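For reference, the chains in residue letters:
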Amino acid sequence: MRGKSLSPDTITFLGTAGARFMVISQILASGGLWLNLSGTEILVDPGPGCIVQSTKRKLKADKLSAIILSHRHLDHSADVNIMVEAMTQGGFKRHGWLFAPADALETEPVIFSYLKTYLDGVEVLQEGKSYSVGNISFATPIRHIHPVETYGMIFKTTNHTFSYISDSRYFDGLCTSYRGELLIINVVRHEGDPPFDHLSVPDAEHIITELKPKVAILTHFGMTMWRAKPWEVAQRLSQETGVRVLAARDGMSFDLSDLGDT
Ligand SMILES: [Zn+2]
């Protein structure tokens, strides 16, 4: 019971689809991650359907303190405008922050300018910087290799540290930048050849082996990954890495207290 009812740290997967074919077919839902960390609620990567998935799960957008975009691609940002509107109760309750890389905000902004006035502010994500929101902080340690400016995040709550590796081509910096008790990793592809701008299962296996988190959660599945049955892939990776590896499911909530005390 201790602490559990006071301030749970939970991560809800609004959807687990990644990349264009899974997202346009909605075989799996898309919509991002809803974090409730030490009482601070944050939405990460509100892809298409976020407003539907979050309201369906009775998550209250007006409780959000911030929305974070790892990058501007549609499957990570499509619902940012409606989620800003929901966070601010249609603009009548001005509050909350938007965090995004500069190229999501500049020449062709993903957010309408009239909605920006509903926010407390917009902060630009940059490599090697840390930010705070309510009771938590997060860092964007390294710029990813992806067609647009992209960052992953390391979140620190009162009790836990976890990492989110968003879209990227594999590079060694991923294995040194994202230490934490829990690793959430976007694994779009099943096969690693030829190399591409997204991570594959062999990439994930290597990264998990290097970072050795207590738990790793695979998500953001593309079509090849879905056909390979993510839950079977996760089971095999658990055996091969010695780390408990899970495949996210649409609507799954992970409680960080399941990681044990630090
Ligand atoms: Zn992307």
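Scroll up to find the structure this text is about.
What you are looking at is a predicted structure, and each value in this text was computed from that prediction instead of being measured.

What to know about the nonpolar core
Logical step 1: If you look at the biggest cluster of nonpolar residues, it comprises 30 residues, and the most contacted ones within it are Ile165, Leu183, Ile185, Ile207 and Leu218.
Logical step 2: Listed by contribution, the elements that provide at least two residues to this core are α1 (19–25), α6 (173–177), β11 (182–186), α7 (201–211), β12 (215–219), α9 (230–241) and β13 (244–247).
Logical step 3: It is α7 that contributes the most residues to this core, five residues altogether.
Logical step 4: If we skip the residues at most four places from it in the chain, Leu183 touches Ser163, Ile165, Tyr178, Ile207, Ile208, Leu211, Pro213, Val215, Ala216 and Ile217.

Quick notes on the environment of His198
Logical step 1: Following the sequence through the fold, His198 ends up in the loop between β11 and α7.
Logical step 2: A relative accessible area of 11% means that His198 is categorised as buried.
Logical step 3: Ignoring sequence-local partners within four residues, the contact set of His198 consists of His146, Asp167, Ser168, Arg169, Val188, Arg189 and Asp203.

Some thoughts on empty space enclosed by the protein
Logical step 1: Going through the model one piece at a time under the given rule, you end up with one cavity of 30 Å³ or more.
Logical step 2: Taken as a whole, the largest cavity holds about 120 Å³ of empty space.
Logical step 3: Lining the largest cavity are 14 residues, with Gly15, Gly32, Leu33, Tyr164 and His220 positioned closest to its centre.
Logical step 4: When the residues that make up the lining of the largest cavity are grouped by side-chain class, the tally is four nonpolar, eight polar and two charged.

As for the pattern of salt bridges
Logical step 1: According to the stated counting rule, one finds four salt bridges in the structure shown.
Logical step 2: Note that Lys214 and Glu181 form a salt bridge whose closest N and O atoms lie 3.7 Å from each other. Residue Lys214 is found in the loop between α7 and β12, and its partner Glu181 is found in the loop between α6 and β11; the two are separated by 33 residues along the sequence.

Topic: α7
Residues that lie three or four places apart on an α-helix share one face, since the helix turns once every 3.6 residues.
Logical step 1: Restricting attention to buried positions, one finds in α7 the residues Val201, Asp203, Ala204, Ile207, Ile208 and Leu211. On an axial view of α7, the arc spanned by its buried residues comes to 150 degrees, and they lie on one face.

Some details on the layout of surface pockets
Logical step 1: Put simply, the largest pocket is a space of about 540 Å³.
Logical step 2: Lining the largest pocket are 23 residues; nearest its centre among them are Ala19, Arg20, Phe21, Phe196 and His198.
Logical step 3: Sort the elements by how many residues they give to the lining of the largest pocket and α1 lands first, with six residues.
Logical step 4: A per-class count over the lining of the largest pocket returns 11 nonpolar, six polar and six charged.

Points about the coordination of the zinc ion
Logical step 1: Protein-derived ligands of the zinc ion are His71 (NE2), His73 (ND1), His146 (NE2) and Asp167 (OD), with the metal-ligand distances lying across 2.2 to 2.4 Å.
Logical step 2: Classification of the site at the zinc ion as irregular follows from its four donor atoms and the range of 89 to 170 degrees in their angles at the metal.
Logical step 3: Spacing between the donor residues of the zinc ion along the chain follows H-x1-H-x72-H-x20-D. Here the residue His146 occupies a position in the loop between β8 (136–140) and β9 (153–156), and Asp167 occupies one in the loop between β10 (161–165) and α6, the gap between them amounting to 21 residues. Each member of the pair, His146 as well as Asp167, carries the same accessibility label: buried.

Structural notes on the sheet that holds strand β5 (residues 97–101)
Sheet strands pair by backbone hydrogen bonding; their relative direction is either parallel or antiparallel.
Logical step 1: Across the sheet, seven strands lie side by side as β6-β5-β4-β3-β2-β1-β14; this open sheet has mixed pairing. Of all the strands in the sheet, just β6 (121–125) and β14 (253–255) have a single pairing partner and so form its edges. Pairwise comparison of adjacent strand axes, ignoring direction, gives a mean angle of 20 degrees for this sheet.
Logical step 2: Two elements, strand β2 (residues 33–37) and strand β3 (residues 40–44), share five bridges in a ladder whose sense is antiparallel. Paired with Asn36 across the strands is Glu41, a residue of β3.
Logical step 3: Those strands touched by helix α4 (residues 80–87) are β2, β3, β4 (64–68) and β5, and its axis lies near 170 degrees from that of β4.

Digging into a positive patch on the surface
Logical step 1: A contiguous patch of positive charge, built from Lys58, Lys60, Lys63 and Lys93, is present on the exposed surface.
Logical step 2: Among the secondary structure elements, Lys58 is positioned in the loop between α2 (50–56) and β4.
Logical step 3: By relative accessible area, Lys58 is classed as exposed at 66%.

Conventions and cut-offs
Position numbers for residues start from 1 in each chain and track the written sequence from start to end. The predicted nature of this model means local features are confined to residues of pLDDT at least 70 and side-chain atom pairs, given and counted, to a pLDDT of 80 or more, with totals for whole chains, interfaces and linings taken over all residues. Hydrogens and water are ignored here; the side-chain numbers use all heavy atoms of the structure. Definition of nonpolar core: a set of buried residues of the types Ala, Val, Leu, Ile, Met, Phe, Trp, Tyr and Cys, connected through side-chain atoms within 4.5 Å. Each residue is assigned to one of three classes by its accessible area relative to the maximum for its type, calculated with a 1.4 Å probe on protein chains only: buried under 20%, partly exposed between the two thresholds, exposed over 50%. Note on conventions: DSSP H or I runs of at least 4 residues are helices, E runs of at least 2 residues are strands, and numbering of each starts at the N terminus. Contact between two residues is taken to exist if any of their heavy atoms lie within 4.5 Å; hydrogens are not considered. Every definition here rests on a 1 Å grid over the protein atoms only: cavities are sets of points where a 1.4 Å probe fits but cannot get out, pockets are open sets enclosed by protein on both sides within 12 Å along at least five of seven lines, and lining residues have some atom within 4 Å of a point. Grid points are joined across faces, edges and corners, and a volume is the space filled by probe spheres set on the points. The residue classification treats Ala, Val, Leu, Ile, Met, Phe, Trp, Tyr, Cys and Pro as nonpolar and Asp, Glu, Lys and Arg as charged. All others, Gly included, are polar. Each reported salt bridge corresponds to a side-chain nitrogen of Lys or Arg within 4 Å of a carboxyl oxygen of Asp or Glu. Throughout, the arc means the angular range of directions from the helix axis out to the C-beta atoms. Only nitrogen, oxygen and sulfur atoms within 2.8 Å of the metal, or 3.2 Å for Na, K and Ca, are treated as donors, and water is left out, so sites may look incomplete. Working rule for geometry: tetrahedral if four donors all subtend angles between 85 and 135 degrees; square planar for four, octahedral for six, if opposite donors exceed 155 degrees and the others stay between 65 and 115; irregular in every other situation. For two strands to be treated as a pair, DSSP must find at least two bridges joining them. Structural elements are reduced to axes, namely lines fitted to C-alpha atoms, with helices fitted over the stretch in contact, and the angle between N-to-C directions of any two is expressed from 0 to 180 degrees. Note that patches include only residues with greater than 30% relative accessible area and no salt bridge, and the join distances are 9 Å for like charges and 5 Å for nonpolar side chains (Val, Leu, Ile, Met, Phe, Trp, Tyr). All accessibility values rest on the Shrake-Rupley procedure with a 1.4 Å probe; residue burial counts only the protein chains present in the view. Charge assignment in this entry is limited to Lys and Arg as positive and Asp and Glu as negative, and neither His nor the chain termini are counted. Where a charge lies is defined by one atom per residue type, namely NZ (Lys), CZ (Arg), CG (Asp) and CD (Glu).

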